[in-house]
Amino acid sequence: MTATGADIKFYPKHAMRPGAGKKTVAALLIIIGLVVFAAGLYGYLAGDLQSSWFDLPEIRQSVMDARKVAQSEGVGLTGTMGVLSTMMNTAVILMIFGGLMIYIAIMLLTQPWERFKDFACVVPVVAFFLIFVYYPMVDLLRISFTNWNLIRDDYGYVGLKNYTWLFAGSGFKYLVESLRITVTYTIWEIIFTLAGGMLLAMLFDRMSRGFTVLRTFVFMPRYIGVSTSAIVFIWILNGRYGILNHVIALFGGQGPDWLLSESTALTGVLFLTFWRVTGYGMMIYLSAMKGIPQDYYEAAEIDGADGPQRFRFITLPMLAPTTLFLLITTFIASMKVFMSVDVMTGGGPGRATNVMVQWVYNTAFRDFRVDRAAAISLVFFVILLLATAATMRYSVNRVSYDS
Amino acid sequence: MNKHAFRTMRQSGWFDMLIALLVLAVIALSLSLIGHVQYDAAMARVTDEMVAYEIRQSIPALANARQSLLAGGLIALGIALAGMLWLRFVSPKVAKSTRAQQTAKSLSVVLQYAAAISHTLLILFPIYWMVISSFKTSQELLLPVPTLWPNEFVFSNYPNVLQKAPFALYFFNTIVSTFFIMLGEVGLGTFAAYGFSKGRFAGKNVLFVLVLGALMIPLQVTFVPIYVLISRLNWMNTFAGLIVPSLVSAYFVFMLRQNFLAVDDSYLDAGKVDGMGRVGAIIHVLIPMCAPTMITVSIISFINGWNSYFWPKMITTNDARRTIAVGIVYLRETFAGMETSNYNEMMAGAVMSIIPIVLLFLFLQKYIMTGFSKAAMK
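Residues numbered from 1 in each chain as written. Chains lettered and ligands numbered in written order. Predicted model: local features only at pLDDT ≥ 70, side-chain atom pairs only at ≥ 80, totals over all residues.

## Regarding the overall build of chain B
Here is step 1: Check the secondary structure of chain B and you find 19 helices and 0 strands.
Here is step 2: Expected size for 378 residues packed as a compact globule is a radius of gyration near 21 Å; at 30 Å, chain B overshoots this value by more than 25%.
Here is step 3: Looking at chain B as a whole, 33% of its 378 residues qualify as buried.
Here is step 4: A fraction of 77% describes how many contacts in chain B between residues 6 or more apart in sequence connect residues 24 or more apart. (Helix = DSSP H or I, 4+ residues; strand = E, 2+ residues; numbered from the N terminus. Rg over C-alpha atoms; globule rule 2.2 N^0.38 Å. Buried ≥ 20, exposed ≤ 12 C-beta atoms within 10 Å, placed from the backbone. Contact = placed C-beta atoms within 7 Å.)

This is how it looks when you write it as C-alpha cells:
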C-alpha cells in the first residue's frame, strides 16, 4: 500500500483537506440509505412478496382499490395512497439505491479519499447491473412461482406449478419442439459462420485494392439492421412475386411459398442468416490468417506441400483458437435469435419457427402468461449456460494456443 | 510410367480432398436411397382419406429430404470424379512445362477474381433489389417476369411512405435514443473501465466479477422482469424506457478495461505529478492512447443503437416513441391486407432507414475492422 493523498496528515490550516467532512456525509448517507432501503423493503414485502406479516395484506388491498378508483377516474394517485403505491412500484429500485448508499458510506469511511474516487467511477455501472441484470434474474425466479397473467394486476404464489407444466405437463412438447428448432437454427448459423467464413476467407485472401473493396461489401450486411433486411428478404422470398422463386422457375423448378409454409419457413429465415453472417466469419478468419507467420508456408513449400496440405497442416491448426472463439460467440448469439424470426414469421406458420426467445416473447406478450414465460426463460438460461460451459470445457483441451 | 503418375496423384493434397468428397457423396446417395425406400413404404400405407398435411407428417425426415440428398450427392460425385480425372491426366502435363504452370497460375487468379466478384454481387443483390424495387410502380412489381431495371422510375414512393407513417418522428426517436445510448455506453463504460483497470479500492475484483457475470446474462433471458420494472415506472412509450435499460454494456466495459490495462501506469503518474485529476487522466491520457478502440466502441454502439429492435419493440406500444427499426416492421401492418402491392413503398422506407448506417459503415469501416481483428486475436 503506497501513500496516497489521504494518508498525508499535514495540510495548511486555511486549505480544505480533500475529503474533509466525509464522516458527516457518510453518516447522512447511512441514515438516508437506511430509510430508503426500509421503504423499499416495506413496498417489496407488501407488493411483490405479498407477505402476510403485520397488516401488510390490508394495506396492499387498500392500495389496489385506490389504484382501481384512480384508474377509473383517470387521475393519478395522491396522498398517502400515492406514496404507498409508488413505494410498491419502485420497491426494488429503492432497496438497491438504499443498499448502495450504505455501501458508498462504508467505502467513504474505510477507504482513503483517492481510492474512494476510484470507487466512485464504477458505482454507476454497478448500480445499473444490479437493477437491470441481477435483479431481473432474481425476479424471474419469483415470477416463475406465481400465476401472474399480465392483464390482471393481481396474482398469487403457486409454487412449482409452472415448472410442472413445463416438464411434466402440456408445455413439455413445446419445450422439446422449440429447443429442436433453436438448435437446428444454431447448427446452420454455426456452419455458415465457420465453414462459409473459412471458404470465403480463402477466396478473398488476396492483397489488392480491388479485393479490399469486395471484402467491405461482403462484410456490410452484418451492419444493416436485421429488421430492415428481414423486410427486404420477405419481399425476395415472396411466393408469387419474389425474385428467388423467379430464379428457381428459370431453372425449371417451382419455389415454395417460403415463409408461409411450415416446411420451408426456417429455410427462409436461414437465407437471411446466410446473407448476414458469412461475411463476418470471413472477416474474423482473414484477420486471424494475417497473424500466421509466412515462413511456415515457405518451409512447407520447400517440403513440397501443395495447397490443400498447407491448409490442412498449417492454416487449419493455426486458426483453431479463432474457430473456438467464433464457435462459442456464434453459438451464444444464435441461440438467442429473435429479430429475424420475429419480423419474418413471428414464430409461425403454426409453430414452425418458434425459437426459444420467440416462444418466451409470445407467451409473455401474446398469451400474457408472464409466469410461464419466466419459467421458460430460466430454463433457457440454464441450457445456454450449460451448453456454453460444455463447449468451452470440451474444446479448450483440443485447441493449441501456440501462436 | 503409369504407376509413377498414380503415385504423384495420391501424394497430392487435392487427392485427399477428392476422396473425402467421394465419401460424402456416397453417404448422401445412400441416405437418399434409404429416403426413397422410406418414402415408397410411407406412400404404400397412405389411405385415400388422408389429407396432404397428415401425409407430410407421416413421412420420416430422410424421405422428406431424399431429393435434396440425391441432387447433392450427384453433384459431389460429379465434382469428385472430374477432379480425379484432372489430377490423373491434366496435372502431370501441367507440372512438366513451365509455360503450362504459368498459364494454370494466371487462370487460377482469374478464377479467384471471377468467384470473388460474383459472390460479392450475390451478397449485394438484396440491397440492389431493395433500392430498385423502391423506384418501381405497383403494377411493375406484380409483373409475371420481374424487371431487373425499372421500366419507369417513380420517386413518389418516398413521399408516399413519409405520408403513411410518421417517419420523421421515427427518425427523431431513433437519433435521440441512439445518441444517449451511445453517450451512456461509451461515457459510463469509460469511467468504469478506468476504475476497474487503473483504480485501486477494496473489493475491486468482486465488483468486476459482477461485470463479467452480466456478460453471461443476456437481455433475451431477462426481458420479462425488465418489462415489468419499466411498466411499473410508467416508462412505457418514453425516451427513458427506451434508453435507460441499454445505458451500459458489459461487453464495452470489459473491452475498454482490457485496453486501458495495456497503457503503462507511468503515463498516468506523470499526469498526476502535473496535477492532473482523474477526469483529466482519462481525457488526456487514456482516451488518446486507446483512440482506435474508443472509436470502434463508439461506432459499434451507434450501429447497435440504431438497429436495435428487440427492446424498442417491447417498450413502444404506439407511434409516439417508436424507433425506425420497429417502425419499418409496423409499416407492413399498416399495409396489411394489401399483401404485395405496397412492397415498393416498404422498400422506400427500408432504403431510408439504412442510408445512415451504410454511409457510416463505408466511411468508417477501417475502425470497425480494427475492433474485430482485436476480438479475433484474443
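## Things to note about the environment of A:Val357
Here is step 1: Checked against the element boundaries, A:Val357 lands in helix H16 (residues 356-365).
Here is step 2: Considered as a pair, A:Val357 and A:Asn147 are 210 residues apart in the sequence and their alpha carbons are 20 Å apart.
Here is step 3: If near-sequence neighbours (up to four positions away) are discounted, A:Val357 is found in contact with A:Lys336, A:Val337, A:Phe338 and B:Gln220.

## Quick look at the interface of chain B and chain A
One frequent convention defines the size of an interface as the accessible area lost when the parts assemble.
Here is step 1: With 77 residues of chain B at the contact, the number on the chain A side is 79 residues.
Here is step 2: Among the elements of the structure, helix H2 (13-45), helix H6 (98-133), helix H9 (167-197), helix H10 (204-216), helix H11 (219-232), helix H16 (291-307), helix H18 (324-334) and helix H19 (343-377) of chain B are those that each provide at least two residues to the side of chain B that touches chain A.
Here is step 3: Take the side of chain B that touches chain A: its biggest share by element is 14 residues, from H19(B).
Here is step 4: Of the residues belonging to the side of chain B that touches chain A, the class tally is 56 nonpolar, 15 polar and 6 charged. (Nonpolar A, V, L, I, M, F, W, Y, C, P; charged D, E, K, R; others polar.)

## Description of unusual backbone geometry
Here is step 1: At A:Phe368, a position not held by glycine, the phi torsion is positive, near 60°.
Here is step 2: For A:Phe368, the position within the fold is in the loop between H16 and helix H17 (370-396).
Here is step 3: Located in the positive-phi region is B:Asn234, a residue other than glycine, with phi close to 60°.
Here is step 4: Here B:Asn234 lies in the loop between H11 and helix H12 (239-243).

## Points about H2(B)
Residues and elements named next belong to chain B.
Here is step 1: Counted at 1.5 Å a residue, the expected span for H2 with its 33 residues is 48 Å, and the 48 Å between its end C-alpha atoms agrees.
Here is step 2: Where H2 is concerned, the buried positions are Leu18, Ala25, Ala28, Ser32 and Gly35.
Here is step 3: Buried residues along H2 sit in contact with helix H4 (61-64) and helix H5 (66-96). (Expected span 1.5 Å × (residues − 1).)

## Focus on the domain arrangement of chain B
Here is step 1: Domain assignment breaks chain B into domain 1 (2-96) and domain 2 (157-377).
Here is step 2: A straight line from the C-alpha centre of domain 1 of chain B to that of domain 2 of chain B covers 47 Å. (Domains from an automatic or database assignment.)

## Here's the deal with the packing of helix H7 (residues 171-203) of chain A against helix H14 (residues 320-335) of chain A
Residues and elements named next belong to chain A.
Here is step 1: Following both chains from N to C, one finds H7 and H14 inclined at 145°, their axes separated by 9 Å at the closest point. In this structure, H7 crosses over H14, and the sense of that crossing is right-handed. Contact residues: Thr182, Tyr185, Thr186, Glu189, Ile190, Thr193 and Leu194 in H7; Thr323, Leu326, Leu327, Thr330, Phe331, Ser334 and Met335 in H14. (Axes fitted to C-alpha atoms, helices over the stretch in contact; angles between N-to-C directions. Left-handed = near helix turned anticlockwise from the far one by under 90°.)

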